[in-house]
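Each chain, letter by letter, is given below.
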Amino acid sequence: SDYPELLVPTIISRLQEIKFPPPSNEEIVDFLLTKKEERIKKFAGMLGQDLVFWFHEIEALTIDARGNNGLAENLEVWLGFVRLLFLVKIGVIQKKGLNQDQQKLFEKAENLSALKLKNLLSSLDKTNYLLSRSNVNSRLAIENSILELF
């Protein structure tokens, strides 16, 4: 627990404390970028495109993903990459610590403000939640999230 002082003493007496150190920034970057590298590259390439392009790509994704988890996997990859973009944009992770391939991915998002990234991240997270827990129209939900870029 993050707050062991809130646990009842009878519970604490039956537990063993194990501390997990937070991962380093390099470990976070490596994990998020190597997880689904091809999907990240495709998403990064889509960032500079217009709204019509995005809607066509989302339509293709939803058609391809029918009956399997492809859409959820893509959304998870997008979320991870946008989180990373946001952390780099606000200075939590230093861009100079990234390798050349990773820096190329971030160049595609240079023109996005921290506010746009935050709003997109929030919207994608909400969409991910809705898609996993309701019968919402996946295409409409994702298109609505992508509107945050424009």
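Residues numbered from 1 in each chain as written. Predicted model: local features only at pLDDT ≥ 70, side-chain atom pairs only at ≥ 80, totals over all residues. Heavy atoms only, no water.

(A) Representation of the overall build of the protein. Assigned secondary structure in the protein consists of eight helices and zero strands. When the backbone C-alpha atoms are referred to their principal axes, the protein occupies close to 60 × 40 × 25 Å. The buried share of the protein, taken over its 150 residues, is 32%. Considering only intrachain contacts with a sequence separation of at least 6, the fraction spanning at least 24 residues in the protein is 70%. When the accessible surface of the protein is summed, it comes to about 10,000 Å², and 53% of that surface belongs to carbon and sulfur atoms. For the protein, the separation between the mean place of its 19 positive charges and that of its 20 negative charges on side chains is 2 Å. (Helix = DSSP H or I, 4+ residues; strand = E, 2+ residues; numbered from the N terminus. Buried < 20%, exposed > 50% of the residue type's maximum accessible area, 1.4 Å probe, protein only. Contact = heavy atoms within 4.5 Å. Areas by Shrake-Rupley, 256 points an atom, 1.4 Å probe, with all protein chains shown as cover. Lys, Arg positive; Asp, Glu negative; His and termini not counted. Charge placed at Lys NZ, Arg CZ, Asp CG, Glu CD.)

(B) How the structure looks around the packing of aromatic side chains. Following the criterion strictly, the structure yields four aromatic pairs and no others. Ring geometry for Phe-43 against Trp-54: centres 5.7 Å apart, planes inclined by 75 degrees, an arrangement best described as edge-to-face. A residue pair is termed long-range when its members are at least 10 positions apart, and Phe-43 in helix α3 (residues 37-46) and Trp-54 in helix α4 (residues 51-64) qualify at 11 residues. Classification of Phe-43 by relative accessible area gives buried; the value is 1%. With a relative accessible area of 0%, Trp-54 lands in the buried category. (Phe/Tyr/Trp six-rings, centres within 6.5 Å; stacked < 30°, edge-to-face > 60°.)

(C) A look at the layout of surface pockets. Estimated volume of the largest pocket: approximately 300 Å³. Split into classes, the residues belonging to the lining of the largest pocket amount to six nonpolar, two polar and two charged. (1 Å grid on protein atoms, 1.4 Å probe; cavity = no way out; pocket = protein on both sides within 12 Å on 5 of 7 lines; lining within 4 Å. Points joined across faces, edges and corners; volume = space filled by probe spheres on them. Nonpolar A, V, L, I, M, F, W, Y, C, P; charged D, E, K, R; others polar.)

(D) Summary view of the nonpolar core. With 33 residues, the main nonpolar core has Leu-47, Trp-54, Trp-78, Phe-81 and Ile-146 as its most contacted residues. Sorting the residues of this core by element identifies α3, α4, α5 (70-89), α6 (100-107), α7 (114-133) and α8 (138-146) as the ones contributing at least two each. Residue contributions to this core peak at 11 residues, all from α5. Ile-146 has contacts with Trp-54, Ile-58, Trp-78 and Leu-120, leaving out every residue within four places of it along the chain. (Core = buried A, V, L, I, M, F, W, Y, C linked by side-chain atoms within 4.5 Å.)

Any functional reading would require information that these geometric values do not contain.
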